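# Inside the fold
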Amino acid sequence: MSIFSTLEISGSALAAERQRAEVVAANMANAETTHTAAGGPYRRKEVVFSSSGNMPFRMMLANFRTLGFHPIPAVRVARIVDDPTPNVMRYEPDHPDANKDGYVAYPAINPIQEMVDLMSAVRTYQLNASAVTASKQMIQQALDILK
Amino acid sequence: MNDISNPMVQMLEKFLTLASQRHTLITSNIANLDTPGYRTRDFDFRGELKRAISTDYPAMTPVAQAVPGLLERPDGNNVNMDRESMLLAETQLQFNIGVQLIRNHFQQIMTAINEGGKR
């Protein structure tokens, strides 16, 4: 557990939050996409974060024996899942993707929800960036003992 | 034991080690701000410092425990952003104090060395 590992931990969070912001951007960009390569309308995506310290007991014990301390959990994007919310059906008989009743399936994307998610990601990114600044300052201070 | 590495420097070294270990835990809590099911982890700084300076051995890694009494979100995460950012600043300042005290101590020795040669 060295002070340099804090940079890795904060860095993992920066990467994860950036990916979350990217997914939100993709959701907003595809809010009106009715046609995808997989067929059907675009499905809203969500990221699932997981703490990398959630390891099985055996691995934890092995780590403890080799390193002599508990690993401090960083964060990672475990997977990106599709939102199961059903599609929104709109009556547009002239649309090329309309079904036989004249309804078009649009992805269920709420711009407010996406904006809130984006803001949350940005704020968390900023907080982690402050943590990086703090760690850097502490490392610099430790080096200054030599001066 | 001599004048250059006296008990105060050893004590400050333990203080700095503990401060940086706590800093690591806080950054980890901040990194897991949005991880479902994650519990805030911390250790009792005062208690660990007392324990560390009561022995002659180098500082042991304290055991981090889940912090009780924090409000839990529906996803099982109980990281409080305000608590963590406040502790981040606090630990950073604690670390700075330790570094300044060590520097001050070594500067005193340097002064003693330099001034001794002057007439």
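Attention here is on the structure that accompanies the text. Computed from a predicted model, the values in this text were never measured in an experiment.

## Description of the overall build of chain A
Along its length, chain A carries 3 helices and 4 strands. For chain A, the α and β elements follow one another from N to C terminus as α-β-α-β-β-β-α. Looking at chain A as a whole, 35% of its 147 residues qualify as buried. For chain A, long-range pairs separated by at least 24 residues make up 65% of all intrachain contacts whose partners lie at least 6 apart in sequence. Summing over all exposed atoms, chain A offers an accessible surface of approximately 8700 Å²; the carbon and sulfur share of this is 60%.

## Thoughts on the pattern of salt bridges
Within the structure shown, the criterion is met by 16 salt bridges over all chains. With a closest N to O distance of 3.0 Å, Glu72(B) and Arg39(B) form a salt bridge. Here the residue Glu72(B) occupies a position in the loop between strand S2 (65-66) and helix H3 (81-116), and Arg39(B) occupies one in the loop between helix H1 (7-31) and strand S1 (41-42), the gap between them amounting to 33 residues. Relative accessible area serves as the criterion here: at 36%, Arg39(B) is assigned to the partly exposed category. Salt-bridge contacts for Glu48(B) lead to Arg51(B); the nearest nitrogen and oxygen are separated by 3.0 Å. One end of the pair, Glu48(B), and the other, Arg51(B), are both in helix H2 (residues 45-53), 3 residues apart, so they sit about a helical turn from each other. Look at the salt bridges and you will find they share partners, linking Glu17(A), Arg20(A), Asp117(A), Asp34(B), Arg73(B) and Asp75(B) into a network.

## Digging into the layout of surface pockets
Estimated volume of the largest pocket: approximately 320 Å³. As for the largest pocket, its lining consists of 14 residues, and the residues nearest its centre are Arg20(A), Glu46(A), Val47(A), Asp117(A) and Asp34(B). Elements with a minimum of two residues in the lining of the largest pocket: strand S1 (45-51) and helix H3 (111-144) of chain A. At 4 residues, the largest contribution of residues to the lining of the largest pocket is made by S1(A). When grouped by side-chain class, the residues that make up the lining of the largest pocket number 5 nonpolar, 2 polar and 7 charged.

## Focus: H2(B)
Residues and elements named next belong to chain B. Those residues of H2 that sit buried are Phe-45, Glu-48, Leu-49 and Ala-52. Seen along its axis, H2 keeps its buried residues to an arc of 100 degrees; they face one direction. Those residues of H2 that are exposed and aimed more than 90 degrees away from the buried face are Arg-46 and Lys-50.

## So, helix H1 (residues 4-29) of chain A
The periodicity of an α-helix, 3.6 residues per turn, causes residues three or four positions apart to be oriented the same way. In this model, H1(A) (26 residues) spans 38 Å end to end at C-alpha, consistent with the 38 Å of a helix rising 1.5 Å per residue. Burial in H1(A) covers these residues: Thr6(A), Ile9(A), Ser10(A), Ser12(A), Ala13(A), Leu14(A), Ala16(A), Glu17(A), Arg20(A), Val23(A), Val24(A) and Asn27(A). On its buried face, H1(A) is in contact with S1, strand S2 (75-82) and H3 of chain A together with H1 of chain B.

## Digging into the packing of aromatic side chains
Following the criterion strictly, the structure yields 2 aromatic pairs over all chains and no others. Measuring from ring centre to ring centre gives 5.8 Å for Phe15(B) and Phe45(B), while their planes differ by 80 degrees; the resulting arrangement is edge-to-face. Note that Phe15(B) is positioned in helix H1 and Phe45(B) in helix H2, a separation of 30 residues in sequence. A cation over an aromatic ring shows up here: Lys45(A) above the ring of Tyr42(A), its NZ or CZ 4.8 Å from the ring centre.

## Focus: the nonpolar core
Counting 28 residues, the largest nonpolar core has Phe49(A), Val75(A), Leu16(B), Leu18(B), Phe45(B) and Phe95(B) as its most contacted members. For this core, the secondary-structure elements that each account for two or more residues are H1, S1, S2 and H3 of chain A together with H1, H2 and H3 of chain B. With 7 residues, H1(B) is the single largest residue contributor to this core. Other than its neighbours up to four places away in sequence, Leu16(B) contacts Ile145(A), Phe95(B), Gly98(B), Val99(B) and Ile102(B). Counting 10 residues, the second-largest nonpolar core is a separate cluster that includes Leu127(A), Leu33(B), Val79(B) and Leu88(B).

Criteria and thresholds
- Residues numbered from 1 in each chain as written.
- Chains lettered and ligands numbered in written order.
- Predicted model: local features only at pLDDT ≥ 70, side-chain atom pairs only at ≥ 80, totals over all residues.
- Heavy atoms only, no water.
- Helix = DSSP H or I, 4+ residues; strand = E, 2+ residues; numbered from the N terminus.
- Buried < 20%, exposed > 50% of the residue type's maximum accessible area, 1.4 Å probe, protein only.
- Contact = heavy atoms within 4.5 Å.
- Areas by Shrake-Rupley, 256 points an atom, 1.4 Å probe, with all protein chains shown as cover.
- Salt bridge = Lys/Arg side-chain N within 4 Å of Asp/Glu carboxyl O.
- 1 Å grid on protein atoms, 1.4 Å probe; cavity = no way out; pocket = protein on both sides within 12 Å on 5 of 7 lines; lining within 4 Å.
- Points joined across faces, edges and corners; volume = space filled by probe spheres on them.
- Nonpolar A, V, L, I, M, F, W, Y, C, P; charged D, E, K, R; others polar.
- Arc of directions from axis to C-beta.
- Expected span 1.5 Å × (residues − 1).
- Phe/Tyr/Trp six-rings, centres within 6.5 Å; stacked < 30°, edge-to-face > 60°.
- Lys NZ or Arg CZ within 6 Å of the ring centre and 35° of its normal.
- Core = buried A, V, L, I, M, F, W, Y, C linked by side-chain atoms within 4.5 Å.

So yeah, pure geometry; function would need other evidence.
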